[in-house]
Amino acid sequence: MRRTQIYFEEQFFESKKKKASSLNLSVSAYIRDAMKRDMEAQIKKQQPINLSNFSGLWQDYDISIDSIREKAWK
């Protein structure tokens with residue numbers, strides 16, 4: 001784990017301190033948990049890869065062992 005310093009506006013810090021206290025957490029633990037939840041939400045929001053543009057790409061090609069061997073040995 002790494003240690004760092006972060007500067008907050010006083011009002012923001014006090015509200016987070018109260019929230020952390022109500023959850024029986026230190027301010028540091030509360031911030032770590034909030035950042036972890038945010039990062040997990042970002043990962044979930046990532047769009048899945050759309051492979052539908054590639055469907056049927058090879059449908060007009062003769063792909064068989066014989067056709068591959070025929071082209072390889074020319």
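So, here is what we can say about the structure in this document. (Residues numbered from 1 in each chain as written. Predicted model: local features only at pLDDT ≥ 70, side-chain atom pairs only at ≥ 80, totals over all residues. Heavy atoms only, no water.)

1. Considering unusual backbone geometry
We apply this condition: Runs of H or I in DSSP of at least four residues are treated as helices and runs of E of at least two as strands, each being numbered from the N terminus.
Of note in the backbone geometry, N24 takes a positive phi value of approximately 60 degrees without being a glycine. On the secondary structure map, N24 appears in the loop between α1 (10-22) and α2 (27-45).

2. Quick word on the packing of aromatic side chains
Test applied: Geometry of aromatic contacts follows a simple scheme: Phe, Tyr and Trp rings, the Trp one being its six-membered ring, pair when their centres are within 6.5 Å, and the pair is stacked under 30 degrees between planes, edge-to-face over 60, tilted otherwise. A simple rule labels every residue: compare its accessible area, found with a 1.4 Å probe on the protein chains alone, to the largest value its type can have, and call it buried under 20%, exposed over 50%, or partly exposed in between.
The full count for this structure, using the stated rule, is two aromatic pairs. Between F8 and F12, the aromatic rings sit 5.3 Å apart at their centres with planes inclined by 40 degrees, giving tilted as the arrangement. For F8, a relative accessible area of 32% corresponds to the partly exposed category. Between F8 and F13, the ring centres sit 6.5 Å apart and the planes meet at 20 degrees, which makes this aromatic pair stacked. Site record: aromatic cluster; members linked through ring pairs are F8, F12 and F13.

3. Digging into a nonpolar patch on the surface
As a reminder of what qualifies: For patch building, the residue pool is restricted to those with more than 30% relative accessible area and no salt bridge; the joining distance is 9 Å between like charges and 5 Å between nonpolar side chains (Val, Leu, Ile, Met, Phe, Trp, Tyr). Only the protein chains shown count as cover for residues, with accessible areas throughout obtained via the Shrake-Rupley method and a probe of 1.4 Å. Only one rule defines a salt bridge in this text: a Lys or Arg side-chain nitrogen within 4 Å of an Asp or Glu carboxyl oxygen.
Side chains of I49, L51, F54, L57, W58, Y61, I63 and I68 sit close together on the surface and give an oily, nonpolar patch of about 980 Å² of accessible area. Among the structural elements, I49 can be located in the loop between α2 and α3 (65-72).

4. Considerations on the layout of surface pockets
Note the cut-off: In the cavity and pocket records, a cavity denotes points on a 1 Å grid over the protein atoms alone where a 1.4 Å probe fits but cannot get out, a pocket denotes an open set with protein on both sides within 12 Å along at least 5 of 7 lines, and lining residues are residues with an atom within 4 Å of a point. Grid points are joined across faces, edges and corners, and a volume is the space filled by probe spheres set on the points. In this classification, the charged set is Asp, Glu, Lys and Arg, the nonpolar set is Ala, Val, Leu, Ile, Met, Phe, Trp, Tyr, Cys and Pro, and all remaining amino acids, among them Gly, are polar.
Within this model, the largest pocket holds a volume of roughly 440 Å³. Along the wall of the largest pocket there are 13 residues; nearest its centre are T4, I6, S28, I31 and R32. The dominant element in the lining of the largest pocket, judged by the number of residues it contributes, is α2, at five residues. Looking at the lining of the largest pocket, its residues break down into seven nonpolar, three polar and three charged.

Function-wise, these values are silent; they only describe arrangement.
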